[in-house]
Amino acid sequence: MAPVEGSEKKIPAELALIAAGFLGTERYIAEAFGVELNQRTNVATAPEHYATSAKNVFAAGDMRRGQSLVVWAIREGREVAREVDESLMGYSYLSVQ
């Protein structure tokens, strides 16, 4: 990938999700969000959880697990949504099945 001059633009949003595929965790992204990386250079989270070392910042999929199959990304997407819901609301009715 390479920057394309003049292609920058700002899009107002309340939530931004970064999907980087199999590129791995870019150090500048981890530094921008203030999250710790593990030995495999993935965003560090506690086992079975998605919260990072930075308050209100969560990671899932390739950023957390590393290169993996899309079925894992689907499951982790549901699981992280539930964890974010619990973080915001104090409870969640979301199902991960």
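Here, every reference points to the structure presented above.
What you are looking at is a predicted structure, and each value in this text was computed from that prediction instead of being measured. (Residues numbered from 1 in each chain as written. Predicted model: local features only at pLDDT ≥ 70, side-chain atom pairs only at ≥ 80, totals over all residues. Heavy atoms only, no water.)

Caption draft 1: Main features of helix 3 (residues 70-89). The terminal C-alpha atoms of helix 3, which comprises 20 residues, lie 28 Å apart, in line with the 28 Å expected from a rise of 1.5 Å per residue. In this structure, the buried residues of helix 3 make contact with helix 2 (62-65). A positive phi of about 90° marks glycine 90, the residue just after helix 3. (Helix = DSSP H or I, 4+ residues; strand = E, 2+ residues; numbered from the N terminus. Expected span 1.5 Å × (residues − 1). Contact = heavy atoms within 4.5 Å.)

Caption draft 2: Spotlight on unusual backbone geometry. Its identity is not glycine, yet threonine 41 carries a phi of approximately 65°, on the positive side. Given the relative accessible area of 38%, threonine 41 is considered partly exposed. For glutamate 48, which is not glycine, the phi torsion reads 70° and is therefore positive. Relative accessible area serves as the criterion here: at 69%, glutamate 48 is assigned to the exposed category. (Buried < 20%, exposed > 50% of the residue type's maximum accessible area, 1.4 Å probe, protein only.)

Caption draft 3: Inspection of the pattern of salt bridges at higher detail. Inspection of the entire model under this criterion finds four salt bridges. In this structure, the salt-bridge partner of arginine 82 is glutamate 86, at a minimum N-O distance of 3.5 Å. Here the residue arginine 82 and the residue glutamate 86 both occupy positions in helix 3, the gap between them amounting to four residues, near one helical turn. For glutamate 86, a relative accessible area of 33% puts it in the partly exposed group. In this structure, a network of salt bridges that share partners links the residues Arg64, Arg65 and Glu76. (Salt bridge = Lys/Arg side-chain N within 4 Å of Asp/Glu carboxyl O.)

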